[in-house]
Amino acid sequence: MNTADTIVAPASAVSGAVAVIRLSGAEALDIARRIWRGRRDPGAPENIRKMLLGKVGDAPVLAVYMKAPHSYTGDDVVELQCHGGAAAAHSVLAAALDAGCRMAEPGEFTFRAFVNGKLDLLQAEAVADVVRSGSDAALKLAERQLAGRLSARLGQLYDLINRFRSECEARLDFPDEELDFAPGVPDALTEAAAVIGQLLAALPAGAALRDGVNVVLAGRPNSGKSSLLNLLSGRDRAIVSDIPGTTRDTVECDAVIRGIPVHLTDTAGLRDSTDAVEKLGVERSRRSIAAAQIVLWLLDLTSTEPEQEVAELLRSAPPGSIAVWNKVDLAADRTPPDLPERFPVVSISARTGENLEALYDAVMKQLFAAARPELPEIAPNARAGRELEVARAALEVAEKEYRRGNYELAAEESARAARAVGVIVGRHADPDLLDEVFKNFCIGK
Ligand SMILES: Nc1nc2c(ncn2[C@@H]2O[C@H](COP(=O)(O)OP(=O)(O)OP(=O)(O)O)[C@@H](O)[C@H]2O)c(=O)[nH]1
Ligand SMILES: [Mg+2]
């Protein structure tokens, strides 16, 4: 992306009450002066960072100028605020484009902040995470990363690896007998491996928080899938009725379970049907089940044919599906039939919410092997995870070579490890990587 142009984009959602149009680049102030008219000049020293009321055409518009380098991007930035709605925002945007701005690419403001040294690559990614975070815990993780907590940890790791590398190099320069090294592997290497281990251990929680978890509700008709969808999401999202085969298409909605964002999918009840539409629905159900991270398999505890409920579970549920006996409020004294061990079992009522905590426990155990997992303060994303694996492998080789007295090879491998860690924060960023990172941003960020 060219960083010399002055770029413009709407920085707020189209449907908001107020729209923010953001200009960034060397000509931001000049272009703003051409399209915005007010009594005071936003570029006058006493007006910098002040909201000034004026007009673009006939529309009232507030303008604020943030002088480089004290802006989000590190360039000169002007933000114009007008009435929300697509038409009002578009007319200000069009005026800025006419006056010499170029439309910004997705993530281009944050890209400039990265190029200008305002953010490292992990912090830039955290900006996108903040915007799309699906729960309070996900937001906190993103905010800590934006504040540089993960970058600081990686900085420590980088230093540890380089300390180990200098010890290798010192051994090269001075043969063993001249150096008073304690035998064994240097502490810096052990510590670096421990930091990598901790960071990689937080990878699953990081993925769950950032991306959310796909949870599919499946089972026979009338088992209470749609009721549970509504209960978990706190919304009256799916039609519930006592007619088997009510849900035909998949119904999706978002919820939060113990701080983890989840994408719920309610499915058509599985049964052999002669109805063409229901058959298509059942096919969709099977596709959703195959793509799920977690399957909640509902079984009707009040069913007059409990063996049918179990038979469908055995036939269609992937191993690890959580077997959920539903409607305990109607059948508290009924003991459900035993199920194979590969299915964790809970009993709930999707109507009264009884035992919902036990269901949450089962979901958390499935995800994190603990009912009440401690969510990490910092966690690498998938990209960082891949580089950390590279670093871990390189350090393992480095350790072996060091023990054998091959200090040159050990130094080379530690350099490789350091490089991988550097890539995470963008120290050695190639253009393809930057494209990859910033293309996931929205326009205006
Ligand atoms: N008492 C009681 N009734 C329930 C419970 N869960 C569901 N029901 C009732 O069972 C019937 C079926 O519920 P749904 O949620 O529509 O079942 P479903 O699995 O989505 O059914 P299909 O869409 O037909 O596959 C409705 O009458 C619900 O009110 C429960 O926990 N207790
Ligand atoms: Mg349903």
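Residues numbered from 1 in each chain as written. Chains lettered and ligands numbered in written order. Predicted model: local features only at pLDDT ≥ 70, side-chain atom pairs only at ≥ 80, totals over all residues.

**Side note on the packing of helix α6 (residues 149-173) against helix α7 (residues 187-201)**
The packing of two helices is summarised by the inter-axis angle and the distance between the axes.
Here is step 1: Relative to each other, α6 and α7 sit at 150 degrees, their axes nearing to 8 Å. By the criterion of interaxial angle, the relationship of α6 to α7 is roughly antiparallel. Considering the relative orientation of α6 and α7, their crossing is left-handed. For the pair α6 and α7, contact is made by R153, Q156, L157, L160, I161, R163, F164 and E167 and by A188, L189, E191, A192, V195 and I196, respectively.
Here is step 2: Residues belonging to the contact of α6 with α7 are distributed by class as follows: nine nonpolar, one polar and four charged. (Axes fitted to C-alpha atoms, helices over the stretch in contact; angles between N-to-C directions. Helix = DSSP H or I, 4+ residues; strand = E, 2+ residues; numbered from the N terminus. Parallel < 35°, antiparallel > 145°, perpendicular 65-115°, else oblique. Left-handed = near helix turned anticlockwise from the far one by under 90°. Contact = placed C-beta atoms within 7 Å. Nonpolar A, V, L, I, M, F, W, Y, C, P; charged D, E, K, R; others polar.)

**A short note on the site of ligand 1**
Here is step 1: What surrounds ligand 1 is a group of 23 residues, the closest being G224, S226, S227, T247 and G269.
Here is step 2: It is helix α9 (residues 225-233) that contributes the most residues to the shell around ligand 1, three residues altogether.
Here is step 3: Of the residues contributing to the shell around ligand 1, the split by class is six nonpolar, twelve polar and five charged. (Near = placed C-beta within 6 Å.)

**Points about unusual backbone geometry**
Here is step 1: The peptide bond linking A68 to P69 adopts the cis configuration, its omega dihedral lying at 0 degrees.
Here is step 2: Secondary-structure assignment places P69 in the loop between β5 (59-66) and β6 (77-83).
Here is step 3: One non-glycine residue, R258, adopts positive backbone phi at about 45 degrees.
Here is step 4: In this structure, R258 sits in the loop between β9 (251-257) and β10 (260-266).
Here is step 5: Unusually for a residue other than glycine, A369 sits at a positive phi of about 60 degrees.

**Quick look at the sheet that holds strand β2 (residues 18-24)**
Note: strands within a sheet are paired through backbone hydrogen bonds, in either parallel or antiparallel orientation.
Here is step 1: An order of β3-β4-β5-β6-β2-β1-β7 is seen for the seven strands of this open sheet, with the pairing classed as mixed. Either end of the sheet is taken by a strand with one partner, and the two such strands are β3 (37-38) and β7 (102-103).
Here is step 2: Bridge analysis of β2 against β6 gives seven bridges, and the strand direction is antiparallel. From the neighbouring strand, S24 faces β6, where its bridge partner is V77. (Pairing = 2+ DSSP bridges.)

**Some thoughts on the domain arrangement of the protein**
Here is step 1: For the protein, the domain assignment lists domain 1 (7-119), domain 2 (128-202 + 380-426) and domain 3 (218-368).
Here is step 2: Contact with domain 2, which involves five residues of that partner, is made by five residues of domain 3.
Here is step 3: Grouping the constituent residues of the side of domain 2 that touches domain 3 by class yields two nonpolar, two polar and one charged. (Domains from an automatic or database assignment.)

**So, the sheet that holds strand β8 (residues 213-219)**
Here is step 1: Strand order in this open sheet of six strands is β9-β10-β8-β11-β12-β13, and the pairing throughout is mixed. Two strands close off the open sheet at either side, each with one partner strand: β9 and β13 (345-348). If you compare each strand with its neighbour and ignore which way they point, the axes differ by 30 degrees on average.
Here is step 2: In this sheet, β10 lies alongside β8 in parallel orientation, the contact comprising five bridges. Each bridged residue has a counterpart across the sheet, and for V216 the counterpart in β10 is T265.
Here is step 3: Strands in contact with helix α12 (residues 356-368) are β8, β9, β11 (294-300), β12 (322-326) and β13; relative to β13, the strand with the most contacts, it is inclined by about 155 degrees.

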